[in-house]
Amino acid sequence: PHNVFTSSENWSNMLLQYGNNKELFSAAKGWKYTSIVGKSIANSSMLTIDFSLSYGVMWSYNPKTVLYARSTNGAAEVDASGARIMARNILVQFTDVQVIAGDDSDRKKIKTIGSGKAMVLKKGAVIHGTWEKKSAKERTRFYDNKHREIVLAPGNTWVEVVDTSMKVEVLK
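Here's what I pulled together on the structure shown here. Keep in mind that this is a model prediction, so the values were computed, not measured. Residue numbering note: each chain is counted from 1, following its sequence as written. Totals for whole chains, interfaces and linings use all residues, but because this is a predicted model, local features are given only for residues with pLDDT of at least 70 and pairs of side-chain atoms are given and counted only at 80 or more. In computing side-chain values, all of the structure's heavy atoms are included and hydrogens and water are not.

## Re the nonpolar core
Then step 1. The set of buried Ala, Val, Leu, Ile, Met, Phe, Trp, Tyr and Cys residues whose side-chain atoms join them within 4.5 Å is what this entry labels a nonpolar core. Buried means the residue's accessible area, taken with a 1.4 Å probe over protein chains only, is under 20% of the maximum for its type, while exposed means over 50%, and partly exposed covers the values in between. Of all hydrophobic cores here, the largest spans 18 residues; its most connected members are Leu47, Trp59 and Ile90.
Then step 2. Working definition: helices are DSSP H or I runs of at least four residues, strands are E runs of at least two. Numbering for both runs from the N terminus. Residue assignment for this core shows that the elements contributing at least two residues are strand S1 (46-52), strand S2 (55-62), strand S6 (89-95) and strand S9 (114-122).
Then step 3. A per-element tally of this core places S2 first, with 4 residues.
Then step 4. Those residues in contact with Ile90, other than ones at most four positions away along the chain, are Leu47, Trp59, Tyr68, Met119, Val120, Leu121, Trp158 and Glu160. Two residues form a contact once any of their heavy atoms are found within 4.5 Å.

## A few points about the sheet that holds strand S12 (residues 157-163)
Then step 1. By definition, two strands form a pair when at least two bridges between them are found by DSSP. One open sheet accounts for 5 strands, arranged S11-S10-S9-S6-S12; its pairing is mixed. The sheet is open, and its two borders are formed by strand S11 (141-144) and S12, each paired with just one other strand. For this sheet, the mean angle separating the axes of adjacent strands, direction not counted, is 30°.
Then step 2. Examined bridge by bridge, strand S10 (residues 125-133) and S11 share 4 bridges and lie antiparallel to one another. Along S11, the bridge assignment pairs Thr130 with Tyr143. Under this scheme, a helix contributes an axis fitted over its contacting stretch, all axes are lines through C-alpha atoms, and angles between N-to-C directions fall in the 0 to 180 degree range.

## What to know about unusual backbone geometry
Then step 1. Although it is not a glycine, Val66 adopts a positive phi angle of roughly 60°.
Then step 2. Position of Val66 relative to the elements: it lies in the loop between S2 and strand S3 (67-72).
Then step 3. The class of Val66 is buried, set by a relative accessible area of 5%.
Then step 4. Even without being glycine, Lys123 reaches a positive phi, approximately 55°.
Then step 5. Along the polypeptide, Lys123 turns up in the loop between S9 and S10.

This is how it looks when you write it as structure tokens:
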């Protein structure tokens, strides 16, 4: 969801609970990436996600830069410096999302341990598969339909966590 947030206090509590050691954040625990970006491998040009009636996200693919540009509600999304939000890989994680009852901030309870459907966009291609996270100490892994871990293109990676009931489309 677009309204997930945390605090320094929560991060500190997480480090106290799980430890702050090199093993927790080691490269071996990270996602797999190729050594070079390479060229586009397919022609899927746009991903749309309708988070609600009033909030939609669109990722547009540019085969020349091999990057996806993010827009919200039809407007280009930019960071604090004014630079366009871009990503090399888009991971869509379908899971159960519920509004926390009685919460005035409309916060969500999101299932992050377990498994579910996934979609990975990289270099213009769409890979349908699954995600899996065995415990809070493990990283979420993304697999293709043959249960092989998906290797990403080098660069930044954006994860869109989406309720299983939301409309998500890939357009060519």
